[in-house]
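Survey of secondary and tertiary structure
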Amino acid sequence: MPLNSDPNCIFCKIVAGQIPSTQVHRDESVMAFNDIRPLAPTHILVIPLEHVTFVNQTRAEDEKLIGHMVRVGGSVAQKAGIEKSGYRISINQGRDAGQELDHLHLHVLGGRPLGRSA
Ligand code: 5GP
Ligand code: ZN
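Residues numbered from 1 in each chain as written. Chains lettered and ligands numbered in written order. Predicted model: local features only at pLDDT ≥ 70, side-chain atom pairs only at ≥ 80, totals over all residues. Heavy atoms only, no water.

Further remarks concern the nonpolar core. Judged by nonpolar contacts, the single largest core of 14 residues is most densely connected at Val46, Met69, Val76 and Val108. Those elements that place two or more of their residues in this core are strand E2 (30-34), strand E3 (42-48), helix H2 (63-79) and strand E5 (106-110). When residues of this core are assigned to their parent elements, the largest contribution, five residues, is made by H2. Phe11, Cys12, Ile14 and Met31 belong to the second largest nonpolar core, which has ten residues in total. (Core = buried A, V, L, I, M, F, W, Y, C linked by side-chain atoms within 4.5 Å. Buried < 20%, exposed > 50% of the residue type's maximum accessible area, 1.4 Å probe, protein only. Helix = DSSP H or I, 4+ residues; strand = E, 2+ residues; numbered from the N terminus.)

Dropping the structure here:
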């Protein structure tokens, strides 16, 4: 397991291969895999390999990682063939956003018109 892993975290278990996932990208700092309950034809999650938690708890030194996550989001959207039709990248934070898991993750959603709602 990489540094800053939480043994009780579902996404840390996915990183470690203890929970299976449909991986679409992995490199030295992030991985991306299909959401188990997709909200759109393409619904990919991009996560850091390390257990980084909430946006407000990130540090200045995490900026490179967070920027990389966004770029990987664009790359997996391209691989999924939705680059031209469009896609949304979002981060849910806290109760009002419906956040379920505290391991930082980007949602990459597309493959249908998404409308203006969250
Ligand atoms: P949140 O609501 O925290 O932003 O998003 C968590 C996402 O993780 C949800 O969309 C949920 O469907 C997804 N998820 C939860 N457990 C698993 C799992 O075991 N495997 C995968 N692939 N996705 C999961
Ligand atoms: Zn974690």
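Turning to the site of ligand 1, a few remarks are in order. Near ligand 1 lie 16 residues; those nearest to it are Asp35, Asn92, Glu100, His105 and His107. Here a nitrogen atom of ligand 1 and a backbone polar atom of Asn34 are 2.9 Å apart. The fraction of the free accessible surface of ligand 1 (520 Å²) that becomes covered by protein chains is 90%. Of all elements in the fold, only helix H1 (10-15) and E2 reach the threshold of two or more residues within the shell around ligand 1. Sort the elements by how many residues they give to the shell around ligand 1 and H1 lands first, with three residues. By residue class, the composition of the shell around ligand 1 is seven nonpolar, six polar and three charged. (Near = heavy atom within 4 Å. Polar contact = N/O pair within 3.5 Å; in protein donor to acceptor, adjacent residues only side chain to side chain. Areas by Shrake-Rupley, 256 points an atom, 1.4 Å probe, with all protein chains shown as cover. Nonpolar A, V, L, I, M, F, W, Y, C, P; charged D, E, K, R; others polar.)

Turning to the layout of surface pockets, a few remarks are in order. The space that makes up the largest pocket amounts to roughly 780 Å³. Forming the boundary of the largest pocket are 31 residues, of which Asp35, Arg37, His43, Leu45 and His107 lie nearest the centre. Elements with a contribution of two residues or more to the lining of the largest pocket: H1, E2, E3, strand E4 (87-90) and E5. In terms of residue count, the dominant contributor to the lining of the largest pocket is H1 (three residues). For the lining of the largest pocket, the per-class residue count stands at 15 nonpolar, eleven polar and five charged. Its boundaries defined by the atoms lining it, the second largest pocket holds a volume of some 260 Å³. (1 Å grid on protein atoms, 1.4 Å probe; cavity = no way out; pocket = protein on both sides within 12 Å on 5 of 7 lines; lining within 4 Å. Points joined across faces, edges and corners; volume = space filled by probe spheres on them.)

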